[in-house]
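This is what each chain is made of:
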Amino acid sequence: MVWHTVAHMTNVASIFPEPQPIDDGAKPVNKRVGMNVSIIMRMRRITQKQLAVALGVTQGSMSRRINGTTDWSPDDMEKAAHLLSVKVARLFEELPEMDSNHQPAG
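Everything numeric in this text was worked out from a predicted model, so none of it was measured.

Observations concerning the nonpolar core
- The biggest cluster of nonpolar side chains holds 19 residues, and the ones touching the most others in it are V37, L51, M62, W72, L84 and L91.
- Of all elements in the fold, only α3 (28–44), α4 (48–55), α5 (59–67) and α6 (74–84) reach the threshold of two or more residues within this core.
- The leading source of residues in this core is α3, at five residues.
- Apart from residues no more than four positions distant in its own chain, W72 is found in contact with N30, V33, G34, V37, L55, M62, R65, I66, M77 and A80.

Put into structure tokens, the structure is as follows:
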């Protein structure tokens, strides 16, 4: 009987609030460039550490760029594109996701 009373007194929404979209603070352009850099790195078998050294940043800073939470400067994009052997414009294109064998997913 006690459970019945508590169940009626408790608002379910207050216990289980609506899920809110996650705002990770990343700008869409940073996410796009980071995702593309990541895809091309996997294709070229280049590590975050190698790219970080080429850009003169820490591996942690490189990780934040790849995750899209840190801005890419034009100079960083140019250096990354050079190391990845692509034109800077390629970093802004919609590239196919890659699977673990470095092949287009899907």
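Having seen the model, we can carry on.
Re the packing of α4 against α5
- In contact at an axis separation of 9 Å, α4 and α5 are set at 105° when each is read in the N-to-C sense. Overall, the two elements α4 and α5 adopt an arrangement that is roughly perpendicular. Contact with α4, carried on its side by Q48, K49, L51, A52 and L55, involves Q59, M62, S63, R65 and I66 of α5 and no other residues of that element.

Notes on the confidence of the model for the protein
- On average, residues of the protein score 79 in pLDDT, and 66% of them reach the 70 mark or higher.
- Put simply, helix α1 (residues 2–9) is where the protein has its lowest mean pLDDT, 51, and α6 is where it has its highest, 95.

What counts and how
Residues numbered from 1 in each chain as written. Predicted model: local features only at pLDDT ≥ 70, side-chain atom pairs only at ≥ 80, totals over all residues. Heavy atoms only, no water. Core = buried A, V, L, I, M, F, W, Y, C linked by side-chain atoms within 4.5 Å. Buried < 20%, exposed > 50% of the residue type's maximum accessible area, 1.4 Å probe, protein only. Helix = DSSP H or I, 4+ residues; strand = E, 2+ residues; numbered from the N terminus. Contact = heavy atoms within 4.5 Å. Axes fitted to C-alpha atoms, helices over the stretch in contact; angles between N-to-C directions. Parallel < 35°, antiparallel > 145°, perpendicular 65-115°, else oblique. pLDDT = per-residue confidence, 0-100.

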